[in-house]
Amino acid sequence: MAYCGHCGEAVDARDHARCAELLRMEPPRFCTQCRRRMVVQVTPAGWSVRCVEHGDLSG
Amino acid sequence: MTDVLQVARAHVLEQGLGLSEELLVEVLRLPDERIPELLELAHEVRMTWCGPEVEVEGIVSLKTGGCPEDCHFCSQSGQFQSPVRAVWLNIPELVEAAKETAKTGASEFCIVAAVRGPDQRLMDQVREGIKAIQAEVDINIACSLGMLTQAQVDEFVEMGVHRYNHNLEAAKSYFPQVVSTHSYEERWDTCLMVREAGMELCCGGLVGMGESIEQRAELAAQLAELRPHEVPLNFLNPRPGTPFGGQELMSSQDALRTIAAFRLAMPHTILRYAGGRELTLGDLGTREGLLGGVNAVIVGNYLTTLGRDANEDIDLLAELGMPIKELQKTL
Ligand code: SF4
Ligand SMILES: [Zn+2]
Ligand SMILES: [Zn+2]
């Protein structure tokens, strides 16, 4: 994991504790491998995200 | 000087009349130690004029992001550097979302799109989606697709949309600080058209956007004047990249005062917890709100953010002895 899924900044760049907290209440917006903004779908009972480069993830 | 809660008791609880804007300001200024008393009164008002039932709704975003408007709280505006990317849900996914919602016991399913108003593509997609849902799922369908023309209002009636959501978002005097791409009056006009056409009007707004106490009371009074069937109350969840991204979260005390004030402004309306309750009020807040005037919830996830697990809300309703409002088909 190189980038923060919430803010998109490098994981080592700063403290992401607040981001981690927020990620319990929203899906990740950035791919943690390449930092691209992902396509995010939220439905009543779940969510899915897709990076054009790195594919799907859901929760 | 008579106490505002005494006046509210005589006026709202006993006669079912909404509280005036001036008195709502007083309610919103009550000290913290009087909040329990205020919530109790709001709860009594709700039980007396609406009953114990709670309306449960699920929502889904048919078209996310890329909106041309600039509502300063919204992560779906295409005008800000928000991380939300534009995307459409397809019809099978939409039907699946309606099924997920129905499974919770919800009677309402709201289809939402981030647009100024529907274009032909969206109208066609919604028509097809509604047909597909009606064929497979027993649930009332609501829509929230922006500003409408009279012809579009008539089309939704004909499609069987029973409720339409269009929020005022903010008090008239604060609106220019929130949106520059359309006016308060344009929003008001769509709301009137919806109501006149016989659809149920769902119209609410957001608080915690930097408005004054007076403007919060003003919003409640302006909503009351519209006589909506339902009022969704949102607490600002400051979204990264939006102009309001740096706003502080509203305090839970202010949020509770607002809930109760809205109930006292509109004793007969369905008052729904919409976005931001988890963040602003925490886990306990849902309970306090349901015992303080709220009689409807959105279960499951929101449009771009996640809600509590639907089962937690359903269990809570059972614990509070509040039955879920059942589906009533108005044919
Ligand atoms: S019109 Fe709706 S989707 Fe568009 S920016 Fe305003 S609130 Fe967001
Ligand atoms: Zn981060
Ligand atoms: Zn990637």
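Residues numbered from 1 in each chain as written. Chains lettered and ligands numbered in written order. Predicted model: local features only at pLDDT ≥ 70, side-chain atom pairs only at ≥ 80, totals over all residues. Heavy atoms only, no water.

- Naming follows an unreviewed UniProt entry, where chain B appears as Biotin synthase of Aeromicrobium ginsengisoli.
- Taken directly from UniProt, the Sequence similarities (unreviewed entry) text for chain B runs: "Belongs to the radical SAM superfamily. Biotin synthase family."
- Turning to chain B, the UniProt record has this under Subunit (unreviewed entry): "Homodimer." (UniProt positions renumbered as here; feature names shortened; annotations may be inferred.)

- In the annotation of an unreviewed UniProt entry, the entry for chain A reads Biotin synthase auxiliary protein, and the organism field reads Aeromicrobium ginsengisoli.
- Turning to chain A, the UniProt record has this under Sequence similarities (unreviewed entry): "Belongs to the BsaP family."
- For the record of chain A, the UniProt heading Cofactor (unreviewed entry) holds the text "iron-sulfur cluster".

1. Some points on the pattern of salt bridges
Residue and element names in this part refer to chain B.
Okay, so step 1: Under the criterion given, the structure shown has 32 salt bridges over all chains.
Okay, so step 2: Glu-230 is the salt-bridge partner of Arg-163, the closest N and O atoms lying 2.4 Å from each other. Separated by 67 residues along the polypeptide, Arg-163 in strand β5 (residues 163-165) and Glu-230 in strand β8 (residues 230-235) bring together distant segments of the chain.
Okay, so step 3: Residue classification places Arg-163 among the buried positions, given a relative accessible area of 1%.
Okay, so step 4: When salt bridges with common partners are traced through the structure, they connect Glu-55, Glu-57, Glu-108, Arg-163, Glu-200, Glu-230, Arg-272 and Lys-325 into a single cluster. (Salt bridge = Lys/Arg side-chain N within 4 Å of Asp/Glu carboxyl O. Helix = DSSP H or I, 4+ residues; strand = E, 2+ residues; numbered from the N terminus. Buried < 20%, exposed > 50% of the residue type's maximum accessible area, 1.4 Å probe, protein only.)

2. Remarks on the interface of chain B and chain A
Okay, so step 1: Taken together, the contacts link 24 residues of chain B with 18 residues of chain A.
Okay, so step 2: Summing the contributions of chain B and of chain A, the shared interface buries around 1,900 Å²; its carbon and sulfur component is 55%.
Okay, so step 3: Of all residues in chain B, Pro-83, Arg-85 and Leu-306 of chain B give up the largest surface area on contact with chain A, accounting jointly for 33% of the area buried on that side.
Okay, so step 4: Joining chain B to chain A, the criterion identifies one salt bridge.
Okay, so step 5: For Glu-26 of chain A, the salt bridge is made with Arg-239 of chain B, and the minimal N-O distance between the two is 2.4 Å.
Okay, so step 6: Summed over the shared surface of chain B and chain A, the result is eleven residue pairs in polar contact (both at pLDDT 80 or more).
Okay, so step 7: Per-element tally for the side of chain B that touches chain A: the top contributor is helix α4 (residues 91-103) of chain B, with four residues. (Contact = heavy atoms within 4.5 Å. Buried area = accessible area lost by both parts, 1.4 Å probe. Polar contact = N/O pair within 3.5 Å; in protein donor to acceptor, adjacent residues only side chain to side chain.)

3. Quick notes on the UniProt feature "binding site: [2Fe-2S] cluster" (unreviewed entry) in chain B
Residues and elements named next belong to chain B.
Okay, so step 1: Feature annotation in UniProt places "binding site: [2Fe-2S] cluster" (unreviewed entry) on Cys-110, Cys-202 and Arg-272, given in this structure's numbering. These annotated residues cover 163 residues of sequence, but their C-alpha atoms sit close together, with the largest distance between any two at 13.2 Å.
Okay, so step 2: Within the secondary structure, Cys-202 sits in strand β6 (residues 200-202).
Okay, so step 3: Those residues within four positions of Cys-202 in sequence are excluded, and the remaining contacts are Arg-163, Tyr-164, Asn-165, His-166, Asn-167, Glu-230 and Pro-232.
Okay, so step 4: Mapping Arg-272 onto the fold places it in strand β9 (residues 270-273).
Okay, so step 5: Judged by its relative accessible area of 0%, Arg-272 falls in the buried class.

4. Section: the coordination of the zinc ion (ligand 2)
Each donor-metal-donor angle in an ideal tetrahedron of four donors is 109.5 degrees, and each such angle in an ideal octahedron of six donors is either 90 or 180 degrees.
All names here are of chain A.
Okay, so step 1: The protein atoms that coordinate the zinc ion (ligand 2) are Cys-4 (SG), Cys-7 (SG), His-16 (ND1) and Cys-19 (SG), at distances of 2.1 to 2.4 Å.
Okay, so step 2: Donor residues binding the zinc ion (ligand 2) come from one chain and are separated in sequence as C-x2-C-x8-H-x2-C.
Okay, so step 3: Under the relative-accessibility criterion, Cys-4 is labelled buried at 5%. (Donors = N, O, S within 2.8 Å, 3.2 Å for Na, K, Ca; no water.)

5. Some words on the layout of surface pockets
Okay, so step 1: Within this model, the largest pocket holds a volume of roughly 280 Å³.
Okay, so step 2: If you go around the largest pocket, you meet 16 residues; those closest to its centre are Arg-24 and Met-25 of chain A together with Glu-278, Leu-306 and Gly-307 of chain B.
Okay, so step 3: Among the elements of the structure, α1 (17-22) of chain A together with α10 (277-290) of chain B are those that each provide at least two residues to the lining of the largest pocket.
Okay, so step 4: When residues in the lining of the largest pocket are grouped by element, the largest group, four residues, is from α10 of chain B.
Okay, so step 5: When the residues that make up the lining of the largest pocket are grouped by side-chain class, the tally is six nonpolar, four polar and six charged. (1 Å grid on protein atoms, 1.4 Å probe; cavity = no way out; pocket = protein on both sides within 12 Å on 5 of 7 lines; lining within 4 Å. Points joined across faces, edges and corners; volume = space filled by probe spheres on them. Nonpolar A, V, L, I, M, F, W, Y, C, P; charged D, E, K, R; others polar.)

6. Quick notes on the environment of Gly-8 of chain A
Residues and elements named next belong to chain A.
Okay, so step 1: Tracing the sequence through the fold places Gly-8 in the segment before α1.
Okay, so step 2: Sequence-wise, Gly-8 and Cys-31 are 23 residues apart; in three dimensions their C-alpha atoms are separated by 7.6 Å.
Okay, so step 3: Those residues within four positions of Gly-8 in sequence are excluded, and the remaining contacts are Tyr-3, Phe-30 and Arg-35.

7. Some points on the packing of aromatic side chains
Okay, so step 1: Under the criterion given, the structure shown has four aromatic pairs over all chains.
Okay, so step 2: Ring pairs connect the aromatic residues Phe-175, Tyr-184 and Trp-188 of chain B, which therefore count as one cluster. (Phe/Tyr/Trp six-rings, centres within 6.5 Å; stacked < 30°, edge-to-face > 60°.)

8. Overview of helix α8 (residues 213-226) of chain B
Residues and elements named next belong to chain B.
Okay, so step 1: Across its 14 residues, α8 extends 20 Å between first and last C-alpha, which sits within 8% of the 20 Å expected from 1.5 Å per residue.
Okay, so step 2: Across the 14 residues of α8, ten count as buried, placing the element largely inside the fold.
Okay, so step 3: Within α8, burial applies to Ile-213, Gln-215, Arg-216, Ala-217, Glu-218, Leu-219, Ala-220, Gln-222, Leu-223 and Leu-226.
Okay, so step 4: As for α8, its buried residues are in contact with α2 (21-28), α7 (184-196), β6, β7 (205-207), β8 and α9 (252-265).
Okay, so step 5: Note on α8: the residue one or two positions beyond its end, Arg-227, has a positive phi of about 50°. (Expected span 1.5 Å × (residues − 1).)

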